[in-house]
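Listed below are the residues making up each chain.
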Amino acid sequence: MSRLLHTGQVIVDLVMALDTLPVSGGDVLAKSACFEAGGGFNVMAAARRNGLPVMYLGRHGNGRFGDLARAAMQAEGVEMALTASSDKDTGVCVSLTEASTERTFISHLGAEGELSAEDLARVMPQVDDYVYVSGYSLLLEGKAQPLIDWLLALPRAVVVVFDPGPLVKAADSTLMRKLLPRIDIWTSNGPEALTFTGASDISAALPALSLHLPANTLLVVRDGPNGCWVGRVGQIEHVPGFKVRAVDSNGAGDAHAGVFMAGLANGLAPAVAARRANAAAALAVTRWGPATSPGTSEVDALLAE
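Each chain has its residues counted from 1, following the order in which its sequence is written. Totals for whole chains, interfaces and linings use all residues, but because this is a predicted model, local features are given only for residues with pLDDT of at least 70 and pairs of side-chain atoms are given and counted only at 80 or more. With hydrogens and water set aside, each side-chain value is computed from the structure's full complement of heavy atoms.

> Got a minute to help me understand helix α2 (residues 64-76) in this structure?
What sets the pattern is the α-helix's 3.6 residues per turn: residues three or four places apart point alike. Secondary structure elements follow DSSP: runs of H or I no shorter than four residues count as helices, runs of E no shorter than two count as strands, and numbering proceeds from the N terminus. Each residue after the first adds 1.5 Å to the expected span of a helix. With 13 residues, α2 should cover 18 Å at 1.5 Å per step; its first-to-last C-alpha distance of 19 Å lies within 8% of that length. Whether two residues touch is decided by their heavy atoms; if any such pair falls within 4.5 Å, the residues are in contact. The inward-facing, buried residues of α2 abut β2 (10-17), β3 (32-39), α1 (40-49), β4 (54-56), β5 (79-80) and β6 (92-97). Once α2 finishes, Gly77 follows within two positions and takes phi at roughly 80°, a positive value.

Below you can see the structure in the form of structure tokens.
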């Protein structure tokens with residue numbers, strides 16, 4: 001049975017809701033505040049809630065935030081490949097959500113920012129696994145090179161899924177040049193695709209992405225409430241979204257990615273899996289917090305309306 005092997009970073013989010021950000025040096029009162037597992041946890045929770053077994057390959061800390069991260073993963077049934085780190089806690093992200101649903105993040109990484117070749121050698125991917133790679137990982141000196149080396153040594157039958165994130169390195173960087181030929185699925189939002197390609201709109205970004213990737217790479221580019229674009233070169237189609245009242249966009253893209261992979265692992269065609277992912281993202285934005293992906297039954301119910 002297929003699994004999702006997540007190589008990114010699980011951190012703890014301090015989630016705060018407020019009307020608008022203060023000016024520099026200013027002060028505002030938040031409407032709410034809570035600690036939640038976030039980062040890579042969001043994608044893994046979405047996949048697990050939709051029937052895909054998940055293993056977290058990253059490190060996790062030995063303090064209060066590491067305890068919170070582990071408890072959250074255990075509650076979702078996520079398997080952890082590594083034991084707790086001995087000298088660092090899990091990192092923290094301050095996640096500020098304005099009334100407009102716009103998000104602002106301030107992050108400090110901990111144990112999850114490092115990963116060695118020895119850590120990765122403990123994991124034996126199966127030929128039908130999905131290995132999820134975050135662009136954030138490529139920014140981490142204590143993790144990027146061992147991760148790239150491990151990915152390039154994987155059997156070709158193992159599916160490599162790449163989510164560039166807003167901090168992705170340029171397409172011509174050394175690490176990206178090594179990774180791009182190994183990517184089987186590209187999943188990003190529209191602004192990330194535009195930044196990566198330099199295109200002015202998504203219709204131009206899609207063929208531009210194909211210039212950097214293998215010809216058979218499956219592209220998934222999210223377009224907010226408009227849904228997403230999915231397919232391979234010459235066969236890309238638009239999959240409409242769902243009209244909902246959004247209150248918090250935090251984690252919506254992660255819900256989309258996790259549910260999309262769960263759909264593919266269940267044998268669905270990419271466009272059908274994308275429709276389910278659109279439904280999951282639509283439900284996620286109606287809820288506060290990072291890991292707000294619905295489960296299979298909730299996605300089914302929205303699709304049936």
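> Explain the packing of aromatic side chains to me, please; I cannot follow it from the model alone.
How two aromatic rings sit relative to each other is set out by the distance from centre to centre and by the angle between their planes. Only Phe, Tyr and Trp rings are paired, with Trp represented by its six-membered ring, and only when their centres lie within 6.5 Å; those with planes under 30 degrees apart are stacked, over 60 edge-to-face, the remainder tilted. Within this structure, the stated rule accounts for three aromatic pairs. Both rings, one in Phe162 and one in Trp186, keep their centres 5.7 Å apart while their planes meet at 65°; by these two values the pair is edge-to-face. Of this pair, Phe162 sits in strand β9 (residues 159-163) while Trp186 sits in strand β10 (residues 185-189), placing them 24 residues apart in sequence. Given a relative accessible area of 0%, Phe162 falls into the buried group. A simple rule labels every residue: compare its accessible area, found with a 1.4 Å probe on the protein chains alone, to the largest value its type can have, and call it buried under 20%, exposed over 50%, or partly exposed in between. The class for Trp186 is buried, based on a relative accessible area of 0%. An aromatic cluster is defined as three or more aromatic residues linked by ring pairs; in this entry it consists of Phe162, Trp186 and Phe196. Any Lys NZ or Arg CZ that is within 6 Å of a ring centre and within 35 degrees of that ring's normal is treated as a charge sitting over the ring. Of note, Arg64 hangs over the ring of Phe35, and the distance from its end group to the ring centre comes to 5.5 Å.

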